[in-house]
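Notes for the structure review
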Amino acid sequence: MPLFESIPIDVDEVRRLLAEHWSLELADCLKVSQNHTYRATNKQGDRFILRVTPDPLQTRLDTIELEVQLLDFLSAHHLPVCRAIPSALTSKSVVSPQSLHLCLFEHGRGER
């Protein structure tokens, strides 16, 4: 994949998967590049970050899973990172239907 290539995704499919796996609603799109980054919310108004990675060649899953493992490791050692949230359906932090990989992350709390 060339640097900065953006592959279109089916936003309705992403919305459905987010609701199915995490019971959240898709909010605004923050960024579109190699990954599509969205805000997501629950009924209480809590915010989350959803990263959707198109992968038509099925070559990126290993690196995404490694990234999630690194965040888990850093969190386990008390470093302030935004961990991936496992799916309620699969208990996996990466949901990979067909040619998409979805990761839901805690929203950074900032300095407040």
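Right above here is the structure, for reference.
Each chain carries its own residue numbering, running from 1 in the direction its sequence is written. Predicted model: local features are reported for residues with pLDDT of at least 70 only, side-chain atom pairs are reported and counted for 80 or more only, and whole-chain, interface and lining totals are derived from all residues. Excluding hydrogens and water, the side-chain values take into account all heavy atoms of the structure.

1. Looking at the layout of surface pockets
Let me state the cut-off plainly: Think of a 1 Å grid over the protein atoms and nothing else: a 1.4 Å probe that fits but is trapped marks a cavity, an open set flanked by protein within 12 Å on at least five of seven lines marks a pocket, and residues with an atom within 4 Å of a point count as lining. Grid points are joined across faces, edges and corners, and a volume is the space filled by probe spheres set on the points. Each residue gets one label: Ala, Val, Leu, Ile, Met, Phe, Trp, Tyr, Cys and Pro are nonpolar, Asp, Glu, Lys and Arg are charged, and the others, such as Gly, are polar.
Estimates place the volume of the largest pocket at around 160 Å³. Lining of the largest pocket is provided by S75, L79, P80, V81, C82, R83, E106, H107, G108 and R109. Split into classes, the residues belonging to the lining of the largest pocket amount to four nonpolar, three polar and three charged.

2. Points about the nonpolar core
Test applied: In this text, buried Ala, Val, Leu, Ile, Met, Phe, Trp, Tyr and Cys residues form a nonpolar core when linked through side-chain atoms within 4.5 Å. The rule is simple: take the accessible area with a 1.4 Å probe, protein chains only, and divide by the maximum for that residue type; under 20% is buried, over 50% is exposed, in between is partly exposed. Helix and strand definitions here come from DSSP, where helices need a minimum of 4 consecutive H or I residues and strands a minimum of 2 consecutive E residues; each element is numbered from the N-terminal end. When checking whether two residues touch, look at their non-hydrogen atoms; a contact exists if any pair is within 4.5 Å.
Judged by nonpolar contacts, the single largest core of 16 residues is most densely connected at V14, L18, W22, L50, V52, L102 and L104. No other element matches helix α1 (residues 11-22), which puts four residues into this core. Among residues more than four places away in sequence, those in contact with L18 are S23, L24, E25, L26, A40, L50 and L104.

3. Structural notes on the pattern of salt bridges
Should their charged atoms come close, side chains of opposite charge can pair. Counted only if it meets this: The salt bridge definition used is simple: a Lys or Arg side-chain nitrogen within 4 Å of an Asp or Glu carboxyl oxygen.
By the definition in use, this model includes six salt bridges. A salt bridge links D12 to R15; its shortest N-O distance comes to 2.9 Å. Of the two residues, D12 and R15 are both situated in helix α1; the distance of three residues between them amounts to about one turn of the helix. Residues E13 and R16 are paired through a salt bridge, measuring 2.8 Å at the closest nitrogen-oxygen approach. Here the residue E13 and the residue R16 both occupy positions in helix α1, the gap between them amounting to three residues, near one helical turn. Salt bridges linked by common partners bring E13, R16 and E20 together as one network.

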